[in-house]
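# Understanding the architecture of this molecule
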Amino acid sequence: MSHDASPARTSGGTAPNRTPLIVLAWAWVGLPFLYGVYSLVLKVPALF
Amino acid sequence: MAGGFFDRSSIVAPPGWSRWLVPPAALAVHLAIGQAYAWSILKQGLIDAEDLSGTATALPFQLAIVMLGLSAAVFGTQVERRGPRWAMFVATICFSSGFLISALGVATGQFWLVVVGYGFVGGIGLGIGYISPVSTLMKWFADRPGMATGIAIMGFGGGALVAQPLSNGLLSAFGRTSGGVASTFLVMGIAYGVFMSLGWLLVRVPADDWRPPNAPAASEEKADTGPAVSATEALKTPQFWLLWVILCFNVTAGIGLLEKAEPLYREYFGQASAGQQLTSAVAAFVAILSLANMLGRFVWSSTSDIVGRKNIYRLYLGVGALLYVVILLMGNSNKVIFLIAALFILSFYGAGFATIPAYLKDLFGTYQVGAIHGRLLTAWSAAGVLGPLIVNSIVEAQGPEGTGPSRYVVSFSIMIALLVIGFIANELIRPVDRKHYVGDAERDRTATTEGASR
């Protein structure tokens, strides 16, 4: 995903590593979502 | 709130910012406001605690959906002008406050406060929140707009999946009394306020010189020749109204199935099982439809980036109509085929929502696509009335005479007709005439204003 980042336009210095922020942000929304999907999937076998 | 922290100029992505941080910001809002689809759980809590009727407790939800369409249409231009942080912040405040006002209403026995809080104030949060990330996502993912909006709008479908266990857990913990329901609203208001805050804290707009990977450099790109139609001008084009018909009828066809999922399954397969087994199977059927609705938003919308928007709507509308024909012809003779057809219809229903922003972008450009999207969502409000009206009135009009699959022949035939009309409308769509594009001066002025603000 690094090639998807904004270009580093500052003179000198490197852009900060955003990977921890990406992981945290996706976990923030992903974990509740996956829990919801999991709760839903548990009901499905009753159909068959 | 004008200027400063909430202004568009404050959220221009710094060097090294990843565009993959934008979908979680959008999801933080959409997963929260998607709670609306799980209103039935809070509704039941209100019925148990306050001894209110089903009709009365449906009011907050109905008003919220009406306000969703209205506020998206009314505030669309404002959202476009002020930017996604402002919009997400307002959505957070409104949606969260809606729960808090409702908590006060339940605690004091003033049900009208629940209607005003959840329905009116919360509904404004739904509308502004729904459109808040759309144009930003499409600017970051100009190479994959269908996938980007598919992720966000899948979040709206998935919001109910998060809210169901949350609402049930809170009601079980606090009890189905006035105090318990008020506490449930209070905790949900605070929790959603915190959860949604990731959105307005994290969202960024791309810098002027940012381009998606493998896109032509700014100097090579003829950015000033693509479509750029204002929201006001879009209403004067046949393309807008054709898309309105497509969205309205596609949604109506999906709601036709979704609205009656529970009685439909009982009518079709109720004789094969009974009691607790049937209850569990019905719950599973509703669950699997929700899953298809949600996954369709991401899968089909992402596919539209490859096959094109017109082709994907041919699939939603054309194959959707054929699947309704299959259900009509097969009746309850084959459960597996019935399930497959129902799942695909619901996946097309969800996908219709998710793909429409990218279709709008193709036709009108990103200039005011969020505002145009907001106006188009009035089709959703219309479908929300039309779908249940068709299915309920026709099925109920048949009374006790019609039983089993035969009860649905007329309503499903109407759904097929609506999908065919939608299919024809899709065939009639052509690129927007250049006379509707904003002038070069306006493009330059917008570019200069945005550039200066950065």
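Counting starts from 1 at the beginning of each chain's written sequence and moves along it residue by residue. Whichever chain is written first becomes A and whichever ligand is written first becomes 1, with later ones labelled in order. Given that this is a predicted model, residues contribute local features only at a pLDDT of at least 70 and side-chain atom pairs are listed and counted only at 80 or more, while totals for whole chains, interfaces and linings are drawn from all residues. For side-chain calculations, the full set of non-hydrogen atoms in the structure is used, while hydrogens and water are omitted.

Looking at an unreviewed UniProt entry, chain B carries the name Oxalate/formate antiporter, with the source organism given as uncultured Actinomycetospora sp.

### What to know about the overall build of chain B
The way it works is that DSSP assigns letters per residue, a run of H or I at least four long becomes a helix, a run of E at least two long becomes a strand, and they are numbered from the N terminus. Summing up its helical and strand segments, chain B has 18 helices and zero strands in all. Relative to the 2.2 N^0.38 estimate, which gives 22 Å for 454 residues, the radius of gyration of chain B is 22 Å and therefore close to what a compact globule would have. Within chain B, the proportion of its 454 residues that are buried is 59%. The contacts of chain B with a sequence gap of at least 6 include a subset with a gap of at least 24, amounting to 85%. In these tables, accessible area is a Shrake-Rupley quantity obtained with a 1.4 Å probe, and a residue counts as shielded only by the protein chains included in the view. Just so you have it, chain B exposes about 16,400 Å², and 65% of that area is on carbon and sulfur atoms. We count Lys and Arg on the positive side and Asp and Glu on the negative side, and we leave His and both chain ends out. The atoms used to mark charge sites are NZ of Lys, CZ of Arg, CG of Asp and CD of Glu. Positive and negative charge centroids in chain B, built from 29 and 25 side chains respectively, lie 2 Å apart. C-alpha atoms define the radius of gyration in this analysis, and the globule rule sets the expected value at 2.2 Å times the number of residues to the power 0.38. Accessible area is worked out with a 1.4 Å probe on protein chains only. A residue is then buried under 20% of its type maximum, exposed over 50%, and partly exposed in between. Whether two residues are in contact is decided by their heavy atoms: any pair within 4.5 Å suffices.

### Some details on the interface of chain B and chain A
At the junction of the two partners, chain B supplies 41 residues and chain A supplies 31 residues. Accessible area that two parts lose when put together, evaluated with a 1.4 Å probe and summed over both, is termed the buried area. Taken together, both faces of the contact between chain B and chain A bury some 3,200 Å²; the carbon and sulfur share is 75%. When the buried area of chain B at its contact with chain A is split by residue, Pro15(B), Gly16(B) and Trp20(B) rank highest and sum to 18% of it. A pair is scored as a salt bridge if a Lys or Arg side-chain nitrogen falls within 4 Å of a carboxyl oxygen belonging to Asp or Glu. Connecting chain B to chain A are zero salt bridges. For the side of chain B that touches chain A, the secondary structure elements donating two or more residues are α1 (22-33), α7 (145-174), α8 (178-202), α12 (275-307) and α14 (335-364) of chain B. Of all the elements, α12(B) adds the most residues to the side of chain B that touches chain A, at nine residues.

### Overview of the packing of aromatic side chains
Residues and elements named next belong to chain B. Only the six-membered ring of Trp is used, alongside the rings of Phe and Tyr, when aromatic pairs are assigned; centres must lie within 6.5 Å, and planes under 30 degrees apart are stacked while those over 60 apart are edge-to-face, with the rest tilted. One pass over the full model with this rule turns up 38 aromatic pairs over all chains. Ring geometry for Phe-5 and Trp-200: centres 6.2 Å apart, planes at 90°, overall edge-to-face. Remark: Trp-200 occurs in helix α8 and Phe-5 occurs in the segment before α1; sequence separation between them is 195 residues. For Trp-200, a relative accessible area of 14% puts it in the buried group.

### Some remarks on the environment of Ser393(B)
Residue and element names in this part refer to chain B. Topologically, Ser-393 is positioned in helix α16 (residues 378-397). The partly exposed category is assigned to Ser-393, whose relative accessible area is 40%. Sequence separation between Ser-393 and Ala-13 is 380 residues; the distance between their C-alpha atoms is 52 Å.

### Thoughts on the nonpolar core
All names here are of chain B. Membership of the largest hydrophobic core comes to 166 residues, with the highest contact counts inside it found for Tyr-130, Phe-185, Leu-243, Phe-285, Tyr-324 and Phe-364. With 16 residues, α14 is the single largest residue contributor to this core. Viewed by domain, this core spans two of them, domain 1 (4-209) and domain 2 (227-436), each represented by three or more residues. Apart from the residues lying within four places of it in its own chain, the contact partners of Tyr-130 are His-30, Ile-33, Gly-125, Ile-153, Phe-156, Phe-353, His-373, Leu-377 and Trp-380. Among buried residues, those of type Ala, Val, Leu, Ile, Met, Phe, Trp, Tyr and Cys that are joined through side-chain atoms within 4.5 Å constitute a nonpolar core. For every domain, the bounds stem from an assignment made automatically or drawn from a database.

### Description of the packing of α14(B) against helix α15 (residues 369-376) of chain B
Residues and elements named next belong to chain B. It is the contact of α14 with α15, at a shortest axis distance of 10 Å, that shows an interaxial angle of 125°. When the axes of α14 and α15 are compared, the pair comes out oblique. Crossing geometry of α14 relative to α15 is assigned as right-handed. When α14 is examined against α15, the residues Ile-356, Pro-357, Leu-360, Lys-361 and Phe-364 are found in contact with a partner set consisting of Val-369, Ile-372, His-373 and Leu-376. In this analysis an axis means a line fitted to C-alpha atoms, helices contributing only their contacting stretch, and an angle means the value between N-to-C directions, from 0 to 180 degrees. Any angle that falls under 35 degrees is termed roughly parallel, while one over 145 is termed roughly antiparallel, one within 65 to 115 roughly perpendicular, and all others oblique. A crossing counts as left-handed when the near helix is turned anticlockwise from the far one by less than a right angle, and as right-handed when that turn is clockwise.

### Brief notes about α8(B)
Helix span is expected to be 1.5 Å times the residue number reduced by one. With 25 residues, α8(B) ought to run about 36 Å at 1.5 Å a step, and its terminal C-alpha atoms sit 37 Å apart, in line with that. To get the bend at any residue, fit one axis to the seven residues that end at it and another to the seven that begin at it, then take the angle between the two axes. At Met196(B), α8(B) is bent by approximately 25°, the largest bend along its length.

### Focus on the confidence of the model for chain A
What pLDDT conveys is the predictor's confidence in a given residue, as a value from 0 to 100. The predicted model of chain A has a mean per-residue pLDDT of 79, with 69% of residues at 70 or higher. Predicted confidence for residues 8-12 of chain A stays below pLDDT 50, and this span has six contacts to residues more than four positions away or in other chains.

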